Amino acid sequence: MNARTPSPARTAPRGVARRRYVLVALVAPVALLLIVAATQLLLIPDLGATVPTHWGPNGVVDGWGPAWTAPALTAGIGVGTVVLVGGLGLSGLGQASGTGAGQKLRFLAAITVWSAVFLAGCLGTTGVGMDADGQELGPRLLIGMLGGAALGGLAAWWAYRVTWDVAGDRPAVEPIPAILSDGAPATWERTVAMSRGMWAILAGVVLITVGIVFLGSTTTEPRPLEDPRFWWTAAGLAALLLAIGLTTSSARVRVDASGLTVRGTIGLPRMSVAAEQVEKAEVLPVSAVGQFGGWGWRYFPGSGWGVIMKSGEALVVTKKNGGSLTVTVDDAARAASLLGAYAERAGAAGAPGGPGTPAAH
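What counts as what
- Residues numbered from 1 in each chain as written.
- Predicted model: local features only at pLDDT ≥ 70, side-chain atom pairs only at ≥ 80, totals over all residues.
- Heavy atoms only, no water.
- Helix = DSSP H or I, 4+ residues; strand = E, 2+ residues; numbered from the N terminus.
- Buried < 20%, exposed > 50% of the residue type's maximum accessible area, 1.4 Å probe, protein only.
- Contact = heavy atoms within 4.5 Å.
- Areas by Shrake-Rupley, 256 points an atom, 1.4 Å probe, with all protein chains shown as cover.
- Patch = residues over 30% accessible without salt bridge, like charges linked within 9 Å, V, L, I, M, F, W, Y side chains within 5 Å.
- Salt bridge = Lys/Arg side-chain N within 4 Å of Asp/Glu carboxyl O.
- Pairing = 2+ DSSP bridges.
- Axes fitted to C-alpha atoms, helices over the stretch in contact; angles between N-to-C directions.
- Parallel < 35°, antiparallel > 145°, perpendicular 65-115°, else oblique.
- Nonpolar A, V, L, I, M, F, W, Y, C, P; charged D, E, K, R; others polar.
- Phe/Tyr/Trp six-rings, centres within 6.5 Å; stacked < 30°, edge-to-face > 60°.
- Lys NZ or Arg CZ within 6 Å of the ring centre and 35° of its normal.
- Core = buried A, V, L, I, M, F, W, Y, C linked by side-chain atoms within 4.5 Å.

1. Observations regarding the overall build of the protein chain
Secondary structure summary: the protein chain contains eight helices and 14 strands in total. The buried share of the protein chain, reckoned over its 361 residues, is 40%. Across the protein chain, contacts joining residues at least 24 apart in sequence account for 68% of those joining residues at least 6 apart. Within the structure as shown, the protein chain displays about 18,700 Å² of accessible surface, and the carbon and sulfur contribution to it stands at 66%.

Okay, structure coming up:
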């Protein structure tokens, strides 16, 4: 099998997988959304000066905007979403990956393509589903939503089938267990926090969201900005998101005789692996998006649980029951060495005839 041929496990060298991912998850979806936006733009002369932009729960139009709102939203929201979600899949490709599928681009490609087709169905009918005189939610909009979701599912399946994960190109490193003395127990602690790049991405998401809300609020009648409840709701949501961000944006990592413990800023959330549960402790380079779908405290199929604050060096702990916990942290080799030593001690203590084993009667 040559370097350009994907393996039966659907992995390929980084460059090959990257080119296919860009074509499937970025170029094709952006082209689709631009075609939809261009079609809406061509239909503007056939519409009134304003078009519906929002419908109430009873299906009656309660918001209006200029005719150009439809193609602007399709291009802005649709293309922006694809570039943001699809572009994140490329953020970890510069990182060396470990054994197995280094970056799970197939899953990310499927998510991006589904989002693009669904948005094309929803946004594509905004300007053509109703004219300026329509008051009730027309069937075209509902068909657009349902059709977008269904076609998006088929497109996602296609994207998953034609893309490849990145083949791992660096083996895991399992440090030699540290030598434990009989004196004071050894401990290792580090604090990990979100990188500046991640905060910049989050800020970009917030700005896009604020822009969308502002555009919708200033082009619809009645205008939500004039309703105090809008501001109370916005403030409450912002406070909730801020609390979640501050709680989960950093963690304290500790290795001691009890095993590995990871705690959030205020002590929660919390994850731990007892020393006697440790099968092995390794050091691996990790791609945050490519292997865990993003940053923070998360679970990702095939990668297990992780506290992922950045891409790069990580402590990967495999448990005896097959589960795993990955923590991106500096000086991971020393943590793995110490944890391996405590795991050996715990295993020896629990072995028949080992220290701490009850004597048979």
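2. Side note on a nonpolar patch on the surface
A cluster of nonpolar residues, Phe107, Ile111 and Tyr160, forms a patch on the protein surface that exposes about 250 Å² of accessible area. Take tyrosine 160: it is sitting in helix 4 (residues 139-162).

3. Digging into the sheet that holds strand 10 (residues 278-286)
The strands making up a sheet are joined through hydrogen bonds of the backbone, oriented either antiparallel or parallel. The mixed open sheet is built from five strands, whose spatial order is 10-13-14-12-11. Across the chains shown, the open sheet's two edge strands, defined by having one partner strand only, are strand 10 and strand 11 (296-300). Put simply, the sheet's adjacent strands are angled 20° from each other on average, direction ignored. Sheet topology places strand 13 (residues 312-319) next to strand 14 (residues 324-328); five bridges connect them, and they run antiparallel. If you follow leucine 315 over to strand 14, its bridge partner there is valine 327.

4. Description of the packing of helix 1 (residues 14-43) against helix 3 (residues 105-124)
At a minimum axis separation of 10 Å, helix 1 and helix 3 run at an interaxial angle of 5°. Of the possible angle classes, the one that applies to helix 1 and helix 3 is roughly parallel. For the pair helix 1 and helix 3, the contacting residues are Ala17, Tyr21, Val24, Ala25, Pro29, Leu32, Leu33, Val36 and Gln40 in the first and Leu105, Leu108, Ala109, Thr112, Val113, Ala116, Val117, Leu119, Ala120, Leu123 and Gly124 in the second. Partitioned by chemical class, the residues of the contact of helix 1 with helix 3 number 17 nonpolar, three polar and no charged.

5. Considering the packing of aromatic side chains
Per the stated rule, a full pass over the model turns up three aromatic pairs. For the ring pair tryptophan 114 and phenylalanine 118, a centre distance of 4.9 Å and an interplane angle of 10° mean the geometry is stacked. Of this pair, tryptophan 114 and phenylalanine 118 both sit in helix 3, four residues apart, roughly one helical turn. Taking relative accessible area as the criterion, phenylalanine 118 reaches 23% and is therefore assigned partly exposed. In this structure, arginine 20 is placed above the aromatic ring of tryptophan 164, and the distance from its NZ or CZ to the ring centre is 4.6 Å. The side chain of arginine 106 reaches across the aromatic face of tyrosine 160, ending 3.9 Å from its centre.

6. A look at the sheet that holds strand 7 (residues 250-256)
The sheet built from four strands is open, its strands ordered 6-7-8-9 with antiparallel pairing. Every interior strand has two partners, whereas the edge strands, strand 6 (188-193) and strand 9 (270-274), have only one. Averaged over all neighbouring strand pairs, the angle between strand axes comes to 10°, with direction disregarded.

7. Brief notes about the nonpolar core
Inside soluble globular proteins, nonpolar side chains tend to come together where they are buried. The biggest cluster of nonpolar side chains holds 52 residues, and the ones touching the most others in it are Leu260, Val262, Val307 and Leu315. It is helix 8 (residues 332-350) that provides the largest number of residues to this core, a total of seven residues. Grouped together as the second largest cluster of nonpolar side chains are seven residues, Val36, Val79, Val82 and Ala116 included.

By themselves, these are just geometric observations and shouldn't be taken as functional.
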